[in-house]
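Letter by letter, the chains look like this.
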Amino acid sequence: MSVQEKDFWTERGMTPMQRMQTVAGLDNGLQSRFEVGAAGREWLKKDLEKIDVKTPLVVFSHSPLYKYYRPWNFWTEDADEVQAILRPFEHVTVLHGHTHQLLTNRIDNIYFHGMLSTAWPWPYAPEGLPKLTIQQNRADPFDQFDGCGDGSLELTGSGLANALYNLWDRNPVTVRASYLASSGAQDAPPRTKLPSY
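What counts and how
Residues numbered from 1 in each chain as written. Predicted model: local features only at pLDDT ≥ 70, side-chain atom pairs only at ≥ 80, totals over all residues. Heavy atoms only, no water. Helix = DSSP H or I, 4+ residues; strand = E, 2+ residues; numbered from the N terminus. Rg over C-alpha atoms; globule rule 2.2 N^0.38 Å. Buried < 20%, exposed > 50% of the residue type's maximum accessible area, 1.4 Å probe, protein only. Contact = heavy atoms within 4.5 Å. Areas by Shrake-Rupley, 256 points an atom, 1.4 Å probe, with all protein chains shown as cover. Lys, Arg positive; Asp, Glu negative; His and termini not counted. Charge placed at Lys NZ, Arg CZ, Asp CG, Glu CD. Arc of directions from axis to C-beta. Patch = residues over 30% accessible without salt bridge, like charges linked within 9 Å, V, L, I, M, F, W, Y side chains within 5 Å. Salt bridge = Lys/Arg side-chain N within 4 Å of Asp/Glu carboxyl O. Pairing = 2+ DSSP bridges. Axes fitted to C-alpha atoms, helices over the stretch in contact; angles between N-to-C directions.

Helix and strand content of the chain: four helices and nine strands. Reading the chain from its N end, one meets helices and strands in the order α-α-β-β-β-α-β-β-β-β-β-β-α. Its C-alpha atoms give the chain a radius of gyration of 17 Å, within 12% of the compact-globule value 16 Å for 197 residues. Every one of the 197 residues in the chain was classed for burial, and the buried ones make up 44%. Taking the intrachain contacts of the chain between residues at least 6 apart in sequence as the baseline, contacts between residues at least 24 apart amount to 59%. Accessible surface computed for the chain: about 10,400 Å², of which carbon and sulfur atoms make up 54%. Side chains of the chain give 19 positive and 23 negative charges; the mean places of these two sets differ by 4 Å.

And the structure:
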């Protein structure tokens, strides 16, 4: 549960709809940044105590468990603390949503894959895009479905995962674990030739 947030709505007397409209927008200054929180981190520590560090982990979270772009809340405030809990394990794959983008990141032994959405194709942030990201081919930012899609993970024998992205009206994209493991030197997916919006 990576979307704990501080209460910004009660004092302002916001209705549930007003709260959701605030959270759904980019560049809003009212909403607190997401976090796993102390209770969530403690739960994660206890849950992983019984797991051997050689056991591959796949973690699902709503927001990225790293810090991408704070003004848009493409961010988890306590991501560094969560990563410290995961770091002892040899192979960790984190699958996250929230950014509605094809995103690829690697921090130490933790491999991150952001997944597409079936609505709201957000643009890439103006800074902070993880360097291993193969940007999705967004040819028409005025087409409400361009950049949307779905995907899946394919676990490999090594305990890592290949991310399979199925962009609607586009060729699928596979980001292999070997691409992340080699810091982009092997098995790079084809890069878009069109501008990113």
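On to helix H3 (residues 79–86), then. Taken together, the buried positions of H3 are occupied by Ala79, Val82, Gln83, Ile85 and Leu86. For H3, the angular spread of buried residues about the axis comes to 155°, placing them on one side. Tucked inside the fold, the buried residues of H3 contact helix H2 (37–49), strand E1 (57–61), strand E2 (67–69), strand E4 (92–96), strand E5 (103–107) and strand E6 (110–114).

Attention now moves to a nonpolar patch on the surface. Together, Val58, Phe60 and Leu155 make up an exposed nonpolar region whose accessible area comes to about 310 Å². You can see leucine 155 is positioned in strand E7 (residues 149–155). Leucine 155 gets classed as exposed once you look at its relative accessible area, which sits at 55%.

Let us look at the pairing of strand E8 (residues 161–167). Counting buried positions over the seven residues of E8 gives five, a clear majority of the element. Inspection of the sheet shows E7 paired to E8 by seven bridges, in the antiparallel sense. Bridging across to E8, leucine 153 finds its partner in alanine 163. Connecting the antiparallel pair E7 and E8 is a turn made up of five residues, with glycine 159 showing a positive phi of about 95°. With three bridges connecting them, E8 and strand E9 (residues 173–175) associate as antiparallel partners. Bridge assignment links tyrosine 165 to a residue of E9, and that residue is valine 173. Linking two consecutive strands that pair antiparallel, namely E8 and E9, is a turn of five residues; a positive phi of about 60° is found at aspartate 169 within it.

On to the sheet that holds E5, then. If you trace the four strands from one edge of the open sheet to the other, you get E1-E4-E6-E5, paired in mixed fashion. Strands with a single pairing partner mark the edges of an open sheet, and in this sheet they are E1 and E5. Pairs of neighbouring strands in the sheet enclose a mean axial angle of 20°, with direction left out of account. Bridge count for E4 against E6 is five bridges, and the pairing is parallel.

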